[in-house]
Amino acid sequence: MPSTTVAVGSAVGLHARPATIIAEAAADAGCLITLAVEGGEPVDAGSALMIMTLGAEKGTNVVVTAEDPATVDAIAKLVATDLDAE
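The rules behind the values
Residues numbered from 1 in each chain as written. Predicted model: local features only at pLDDT ≥ 70, side-chain atom pairs only at ≥ 80, totals over all residues. Heavy atoms only, no water. Helix = DSSP H or I, 4+ residues; strand = E, 2+ residues; numbered from the N terminus. Rg over C-alpha atoms; globule rule 2.2 N^0.38 Å. Buried < 20%, exposed > 50% of the residue type's maximum accessible area, 1.4 Å probe, protein only. Contact = heavy atoms within 4.5 Å. Areas by Shrake-Rupley, 256 points an atom, 1.4 Å probe, with all protein chains shown as cover. Pairing = 2+ DSSP bridges. Axes fitted to C-alpha atoms, helices over the stretch in contact; angles between N-to-C directions. Parallel < 35°, antiparallel > 145°, perpendicular 65-115°, else oblique. Nonpolar A, V, L, I, M, F, W, Y, C, P; charged D, E, K, R; others polar. Expected span 1.5 Å × (residues − 1). Arc of directions from axis to C-beta.

Participant: How should the overall build of the protein chain be read in this particular structure?
Facilitator: The helix and strand tally for the protein chain stands at 3 helices and 4 strands. Counting from the amino terminus, the protein chain carries its helices and strands in the arrangement β-α-β-β-α-β-α. Relative to the globule expectation of 12 Å for 86 residues, the C-alpha radius of gyration of the protein chain, 11 Å, shows essentially globular dimensions. Reported as C-alpha extents along the three principal axes, the dimensions of the protein chain are approximately 30 × 25 × 20 Å. Counting over 86 residues, the protein chain shows a buried share of 38%. Once local pairs closer than 6 in sequence are excluded, the contacts in the protein chain between residues at least 24 apart make up 72%. Summing over all exposed atoms, the protein chain offers an accessible surface of approximately 4,300 Å²; the carbon and sulfur share of this is 54%.

If you want it as structure tokens, here you go:
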């Protein structure tokens, strides 16, 4: 499956607000999407709670994996964006 690694852009990491935005986008994508920190188990990107369990702070590398390359790019862009600044 296609994947890419991207650094977390949100100033305080993947806490509730960014995790919710990412989870909503993942759910709308209609395919399995996972996020993982280096050395960690992948979690379902469609669940804000599971995203928050990653403990990913600003600058943490996160691996985004999905069946569709365009979906990988879209979710990776969200992970890399400071979603608290919007």
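Participant: How should I be thinking about the pairing of strand E2 (residues 33–37) in this particular structure?
Facilitator: Consecutive residues of a regular strand have side chains that alternate between opposite faces of the sheet. Within E2, 5 of the 5 residues are buried, which leaves it mostly tucked inside the rest of the structure. Bridge analysis of E2 against strand E4 (residues 61–66) gives 5 bridges, and the strand direction is antiparallel. Within E4, the position partnered with Thr 34 by the bridge is Thr 65. As paired strands, E2 and strand E3 (residues 43–44) are joined by 2 bridges and run antiparallel to one another. Counted as the bridge partner of Leu 35 is Val 43 from E3. Where E2 hands over to E3, the hairpin turn is made up of 5 residues, of which Gly 39 adopts a positive phi near 85°.

Participant: In this structure, what is going on with the packing of helix H1 (residues 16–29) against helix H3 (residues 69–80)? I would like to understand it.
Facilitator: A pair of packed helices is captured by two measures, namely the crossing angle of their axes and the spacing between those axes. Direction vectors running N to C along H1 and H3 enclose 170°, while the axes themselves pass 10 Å from each other. Relative to H3, H1 is oriented roughly antiparallel. Only Thr 71, Ile 75, Leu 78 and Val 79 of H3 make contact with H1, whose side of the interface consists of Ile 21, Ile 22, Ala 25, Ala 26 and Ala 29. A class-by-class count of the residues in the contact of H1 with H3 yields 8 nonpolar, 1 polar and no charged.

Participant: Could you clarify how one ought to interpret the sheet that holds E4 in this entry?
Facilitator: Note: strands within a sheet are paired through backbone hydrogen bonds, in either parallel or antiparallel orientation. The strand order across the open sheet formed by 4 strands is E1-E4-E2-E3, and the pairing between neighbours is antiparallel. Each edge of the open sheet is held by one strand with a lone partner, namely strand E1 (3–7) and E3.

Participant: What am I meant to see in H3 here?
Facilitator: Between the first and last C-alpha of H3 there are 16 Å, a value that for 12 residues agrees with the 16 Å anticipated at 1.5 Å per step. Among all positions of H3, only Thr 71, Val 72, Ile 75, Ala 76 and Val 79 are buried. Buried positions in H3, seen along its axis, are confined to an arc of 130° and lie on one side of it. Summarising the geometry of H3, the exposed residues directed more than 90 degrees from the buried face are Asp 73 and Lys 77.

Don't take any of this as a statement about function, it's just geometry.
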